[in-house]
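Notes for the structure review
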Amino acid sequence: RDFCLSRGLGDVYKRQVEGCPKKIRIPDIFGVYNMGVQFGLTDVTRGSYRCQIDGSGKAGDCIKCGKCEAQCPQHLEIRKLLEEAADIYEKEMHL
């Protein structure tokens, strides 16, 4: 998690990774993930997560196809990080 905080995962891409079959807004999810790790689950972080998944895929919707990781210039384990984001938000929020 220290790596995630120090690197700012929301900044990994300037745009959404093209072609996610589940339409997951990866950079935006990572931005909210960072907020949750830094500040914990608050009304603000929960609301931010809900905004990011509105009309898009949730982190837990990832089918682990690996397309995003193949495009990642930082060589991050995006599938694993999406799973962590889902654990933080979706289980607690019952999404």
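Located above this text is the structure these notes cover.
The rules behind these values
Residues numbered from 1 in each chain as written. Predicted model: local features only at pLDDT ≥ 70, side-chain atom pairs only at ≥ 80, totals over all residues. Heavy atoms only, no water. Helix = DSSP H or I, 4+ residues; strand = E, 2+ residues; numbered from the N terminus. Phe/Tyr/Trp six-rings, centres within 6.5 Å; stacked < 30°, edge-to-face > 60°. Expected span 1.5 Å × (residues − 1). Bend = angle between axes of the 7 residues up to and from the residue. Buried < 20%, exposed > 50% of the residue type's maximum accessible area, 1.4 Å probe, protein only.

**Quick notes on unusual backbone geometry**
You will see that K23, though not glycine, has its phi angle at about 60°, which is positive. Inspection of the secondary structure puts K23 in the loop between α1 (2–7) and α2 (26–39). Positive phi values are uncommon outside glycine, yet H94 reaches one of about 55°.

**Things to note about the packing of aromatic side chains**
Inspection of the entire model under this criterion finds one aromatic pair. Between Y49 and Y89 the ring centres are 4.7 Å apart and the planes differ by 0°, which places this aromatic pair in the stacked class. Note that Y49 is positioned in helix α3 (residues 43–53) and Y89 in helix α5 (residues 78–93), a separation of 40 residues in sequence.

**Considering α5**
Taking 1.5 Å as the rise per residue, α5 with 16 residues should run 22 Å; its terminal C-alpha atoms sit 22 Å apart, in good agreement. If you look at α5, its biggest bend is around 35°, right at A86. Three or more residues of α5 are buried, namely I78, L81, L82, E84, A85, A86, I88, Y89, E90 and M93. Once α5 ends, the next one or two residues include H94, with phi positive near 55°.

By themselves, these are just geometric observations and shouldn't be taken as functional.
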